[in-house]
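Survey of secondary and tertiary structure
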Amino acid sequence: MSEGAVVTGPDGKPRCPWGLSAEDYVAYHDSEWGRPVHGDDALFERLCLEAFQSGLSWITILRRRESFRSAFDSFKIASVAEFTDADRERLLADPGIIRNRAKVDATLANARVLAEWPAGELDTLIWSYAPDAAKRPAPRTAADVPPVTDESTALSKALKKAGIRFVGPTTAYALMQACGLVNDHLADCFVRDSVASAGTARG
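Residues numbered from 1 in each chain as written. Predicted model: local features only at pLDDT ≥ 70, side-chain atom pairs only at ≥ 80, totals over all residues. Heavy atoms only, no water.

The next point concerns the overall build of the protein. Helices and strands together make up the secondary structure of the protein, namely 11 helices and 2 strands. Along its sequence from the N terminus, the protein presents helices and strands in the succession β-β-α-α-α-α-α-α-α-α-α-α-α. In summary, the protein has a C-alpha radius of gyration of 17 Å against a globular reference of 17 Å for 203 residues, a match within 12%. Overall, the C-alpha framework of the protein stretches about 55 × 35 × 25 Å when taken along its three principal axes. Here the protein, with 203 residues, has 46% of them falling under the buried criterion. A sequence separation of at least 24 residues applies to 67% of the contacts in the protein between residues at least 6 apart. Of the roughly 9600 Å² of accessible surface on the protein, 51% is carried by carbon and sulfur atoms. Between the mean site of the 24 positive side-chain charges and the mean site of the 28 negative ones, the protein shows a separation of 3 Å. (Helix = DSSP H or I, 4+ residues; strand = E, 2+ residues; numbered from the N terminus. Rg over C-alpha atoms; globule rule 2.2 N^0.38 Å. Buried < 20%, exposed > 50% of the residue type's maximum accessible area, 1.4 Å probe, protein only. Contact = heavy atoms within 4.5 Å. Areas by Shrake-Rupley, 256 points an atom, 1.4 Å probe, with all protein chains shown as cover. Lys, Arg positive; Asp, Glu negative; His and termini not counted. Charge placed at Lys NZ, Arg CZ, Asp CG, Glu CD.)

In structure tokens:
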């Protein structure tokens, strides 16, 4: 078996290797990662969590996701945009989340920017950078999955131009993977086809 190829779990199903690297990952890999996410608030949550993940393992964020949702009022843009200095201090003192000052400040600032956008504009902007799936061969091993692409670089630039902070090309690509703009489940992963049929694959 090639390094980084699918791994068969105790249930006999072949998965992307990271999907079996921790117990918490199994359900996330099987039912969430790569499936289309729409809606401004839902995409704002993913954008924020990917930013908080920067420099850390995703498992660190995944295990704190409910605490993040509680701390940020389920990532409702309109609500987070109204957070006060007292809310900021509350967040920086909350052990249930990642207490990184720059990331907290970026989340609050981004919410204030997005609160001024028409409904659906964030969804439209992000999904406009989904590449043509027909031109992307299915990765055979983890080594075939890029950390950044031309599309993620362009998405990062567009978001930054609009005033969104803490969203570099790598973070933008992680967002694209998680939210179904691309299908980076490995070719032999049992989830890949169901993700494609859910609308991930385009073209």
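Let us look at the UniProt feature "binding site: Zn(2+)" (unreviewed entry) in the protein. In this numbering, the UniProt entry assigns the feature "binding site: Zn(2+)" (unreviewed entry) to Cys16, His29, His185 and Cys189. Spanning 174 residues, the named residues nonetheless gather at one spot, since no C-alpha pair among them exceeds 10.3 Å. Tracing the backbone through its elements, the reader meets Cys16 in the loop between strand S2 (14–15) and helix H1 (23–31). The contacts of Cys16, once residues within four sequence positions are left out, are Val6, His29, His185, Leu186 and Cys189. Considering the arrangement of structural elements, one finds His185 in the loop between helix H10 (169–178) and helix H11 (192–200). His185 has contacts with Cys16, His29, Trp33, Pro139, Val191, Arg192 and Val195, leaving out every residue within four places of it along the chain. A polar side-chain atom of His185 sits 2.9 Å from the main-chain carbonyl oxygen of Trp33. (UniProt positions renumbered as here; feature names shortened; annotations may be inferred. Polar contact = N/O pair within 3.5 Å; in protein donor to acceptor, adjacent residues only side chain to side chain.)

Glancing now at the packing of helix H9 (residues 150–161) against H10. The packing of two helices is summarised by the inter-axis angle and the distance between the axes. Running from N to C, H9 and H10 cross one another at 110°; their axes reach a closest spacing of 8 Å. Between H9 and H10, the interaxial angle falls into the category roughly perpendicular. Remark: the crossing between H9 and H10 carries right-handed chirality. Across from Glu151, Ser152, Thr153, Leu155 and Ser156 in H9, the residues of H10 making contact are Pro169, Ala172, Tyr173, Leu175 and Met176. Among the residues making up the contact of H9 with H10, the classes are represented as 6 nonpolar, 3 polar and 1 charged. (Axes fitted to C-alpha atoms, helices over the stretch in contact; angles between N-to-C directions. Parallel < 35°, antiparallel > 145°, perpendicular 65-115°, else oblique. Left-handed = near helix turned anticlockwise from the far one by under 90°. Nonpolar A, V, L, I, M, F, W, Y, C, P; charged D, E, K, R; others polar.)

The element H10 is largely enclosed, with a buried count of 8 among its 10 residues. The inward-facing, buried residues of H10 contact H1, helix H2 (40–53), helix H8 (121–127) and H9. Positioned one or two residues after H10, Gly180 has a phi angle of 85°, which is positive.

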